[in-house]
Amino acid sequence: MSAAPHHPVYTGGDAALSAVAEAIAADWAAVGVRGSFLARNLDTGEQLGFDADEPVPLASVAKVPLALVVLDRVAAGELDPARPVTVDPRTSSVGPTGLAAFRHPATVAVGDLLLLMLSVSDNAAADALFDLVPTAETDARLRAWGCDGIRVRHRMNHLYECAAGAAGNDFSLALELAVRDEGTGRHTIETLDPAHANAGTAAALVGLLQRVWRDEISTPSATAELRRLMGHQVFTQRLAGELRADTLRWSGKTGTFLHLRHEIGVVEADSGDRVAMAALTRATRRAGLAPDIDQAIGAAGRDAFEALRS
């Protein structure tokens, strides 16, 4: 039985902004994507998007709130950024980058684990930080800060454990299950269910970015360091894809797992314009590599920035 047609709920301060949001949603649908999108000018408050209040599994986007909680503990003097942590591949999280790809134990300072986690999306670095600031503590701190639309419930390796539990070592089968379940709302892989996953809404994530960029959460030293670290992300194929220029600065974090392709971040222009964005997508087709989806996300970032800049 095929899924019922989806009708996005649009956000836009006026007809022109709503039209941009509608065009982005249509572009995403044309390449086989459902998702949530929100872009907001951090100074004027104008915004545009669609389905911004729909909870979505975050994949590696969850590393941003984790980083803020760790940095908050550093700022409070409860955690030394120079503290050495040994990561052993025999027990650490799997992943294609950073320490997760290492074959031998390595000792890295807490501050550098943060850099690896945010610059190359290192899962082993993230789970080493979760050893120091457990998921329950991270989630509780987000609640205390009023970040009710973001939930942190599990370590990064749990993504792979749940996929393996459903599909064994057949990643292609796991992808097929993820796409199939997207149309039914019943999730074979637990960490793709927003009720059990690390999850968030585009609205909550943009709200978090706004508070980080305006020093309205945690402490200024923690938010400044988070901004610096997000500026080191090496992946530029999504929202940053068409926002690369000498007059623009992009600070972001991608998230990728099975059919999920996300990015959140802030683009800052020399003119003073600052626009926060969250693009959370789920493919409705099987595709291990999908440059057309990344390009559609990049086009959304460009169009939203042009529409919202002063």
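Residues numbered from 1 in each chain as written. Predicted model: local features only at pLDDT ≥ 70, side-chain atom pairs only at ≥ 80, totals over all residues. Heavy atoms only, no water.

Looking up the protein in an unreviewed UniProt entry gives the name Serine hydrolase, with the organism given as Streptomyces eurythermus.

Draft legend 1. How the structure looks around the overall build of the protein. Helix and strand counts for the protein stand at ten helices and eleven strands. Taken across its 310 residues, the protein has 54% of its residues classed as buried. Residue pairs in contact within the protein that sit at least 24 positions apart in sequence constitute 68% of those at least 6 positions apart. For the protein, the accessible surface area stands at approximately 12700 Å², while carbon and sulfur atoms represent 51% of it. One way to put it: in the protein the 29 positive side-chain charges average out to a point 3 Å from where the 39 negative ones average out. (Helix = DSSP H or I, 4+ residues; strand = E, 2+ residues; numbered from the N terminus. Buried < 20%, exposed > 50% of the residue type's maximum accessible area, 1.4 Å probe, protein only. Contact = heavy atoms within 4.5 Å. Areas by Shrake-Rupley, 256 points an atom, 1.4 Å probe, with all protein chains shown as cover. Lys, Arg positive; Asp, Glu negative; His and termini not counted. Charge placed at Lys NZ, Arg CZ, Asp CG, Glu CD.)

Draft legend 2. Quick look at the packing of aromatic side chains. Per the counting criterion, the structure on display carries six aromatic pairs. Relative to Phe50, the ring of Tyr10 has its centre 6.2 Å away and its plane inclined at 65°; by these criteria the two rings are edge-to-face. One end of the pair, Tyr10, is in strand S1 (residues 10-12); the other, Phe50, is in strand S3 (residues 47-50), with 40 residues separating them in the sequence. Given a relative accessible area of 33%, Tyr10 falls into the partly exposed group. Its relative accessible area of 3% is what places Phe50 among the buried residues. When the ring of Trp28 is compared with that of Phe50, the centres are 5.3 Å apart and the planes differ by 80°; the resulting orientation is edge-to-face. Placement of the pair is Trp28 in helix H1 (residues 15-30) and Phe50 in strand S3, with a sequence separation of 22 residues. Of the two residues, Trp28 and Phe50, neither departs from the other in class, the shared state being buried. Among the aromatic side chains, those forming a connected cluster through ring pairs are Tyr10, Trp28, Phe37 and Phe50. (Phe/Tyr/Trp six-rings, centres within 6.5 Å; stacked < 30°, edge-to-face > 60°.)

Draft legend 3. Focus on the packing of helix H2 (residues 63-75) against helix H4 (residues 123-132). Orientation of H2 relative to H4, taken along the N-to-C sense of each, is 45°, at an axis distance of 11 Å. The orientation of H2 with respect to H4, classified from their angle, is oblique. The crossing of H2 and H4 is left-handed. Between H2 and H4, the residues in contact are Lys63, Leu66, Val70 and Arg73 and Asn123, Ala126, Leu129, Phe130 and Leu132, respectively. (Axes fitted to C-alpha atoms, helices over the stretch in contact; angles between N-to-C directions. Parallel < 35°, antiparallel > 145°, perpendicular 65-115°, else oblique. Left-handed = near helix turned anticlockwise from the far one by under 90°.)

Draft legend 4. Focus on the sheet that holds S1. The strand order across the open sheet built from six strands is S1-S3-S2-S11-S10-S9, with neighbouring strands paired in antiparallel fashion. Looking at which strands have only one partner, the edges of the open sheet turn out to be S1 and strand S9 (248-257). Across the sheet, the mean angle separating the axes of adjacent strands is 10° when strand polarity is ignored. When strand S2 (residues 33-41) meets strand S11 (residues 274-283), the two strands line up antiparallel, connected through nine bridges. Within the sheet, the bridge partner assigned to Leu38 lies in S11 and is Ala278. (Pairing = 2+ DSSP bridges.)

Draft legend 5. Geometry of the UniProt feature "domain: Beta-lactamase class A catalytic" (unreviewed entry) in the protein. UniProt's entry tags residues 37-281 with the feature "domain: Beta-lactamase class A catalytic" (unreviewed entry), counted in the numbering of this structure. Between the C-alpha atoms that bound residues 37-281 there is a distance of 8 Å. The span itself is 37% helix and 21% strand. (UniProt positions renumbered as here; feature names shortened; annotations may be inferred.)

Draft legend 6. Up close: the pattern of salt bridges. Taken as a whole and judged by the stated rule, the model has 24 salt bridges. Measuring nitrogen to oxygen at the nearest pair gives 2.9 Å for the salt bridge that ties Asp43 to Arg274. Here the residue Asp43 occupies a position in the loop between S2 and S3, and Arg274 occupies one in strand S11, the gap between them amounting to 231 residues. Given the relative accessible area of 48%, Asp43 is considered partly exposed. Here Asp72 and Arg141 are joined by a salt bridge, their closest N and O atoms 2.2 Å apart. Residue Asp72 is located in helix H2, and its partner Arg141 is located in helix H5 (residues 135-144); the two are separated by 69 residues in the primary sequence. (Salt bridge = Lys/Arg side-chain N within 4 Å of Asp/Glu carboxyl O.)

Draft legend 7. Here's a closer look at the side chain of Glu268. Along the chain, the position of Glu268 falls in strand S10 (residues 260-269). For the buried Glu268, which has no salt bridge, the nearest side chain bearing the opposite charge is Arg249, at an N-O separation of 4.4 Å. At 3.2 Å, the side chain of Glu268 and the side chain of Trp213 are in polar contact. Ignoring anything within four residues of it in the chain, the contact list for Glu268 reads Trp213, Thr247, Leu248, Arg249, Ser251, Asp273 and Arg274. (Polar contact = N/O pair within 3.5 Å; in protein donor to acceptor, adjacent residues only side chain to side chain.)

Draft legend 8. Expanded view of the side chain of Asp51. Take Asp51: it is sitting in the loop between S3 and strand S4 (56-57). There is no salt bridge for the buried Asp51, and the closest opposite charge comes from Arg34, which lies 5.0 Å off by N-O distance. Once residues lying within four places of it in the same chain are set aside, the contact partners of Asp51 are His6, Pro8, Val9, Gly35 and Ser36.

Draft legend 9. Structural view of the sheet that holds strand S7 (residues 150-151). Ordered by their spatial adjacency, three strands build an open sheet running S4-S8-S7, and the pairing between neighbours is antiparallel. A single partner strand is all that each edge strand has here, and the edge strands are S4 and S7. Bridge count for S7 against strand S8 (residues 199-200) is two bridges, and the pairing is antiparallel. In the strand pairing of S8, Ile150 is matched with Gly200.

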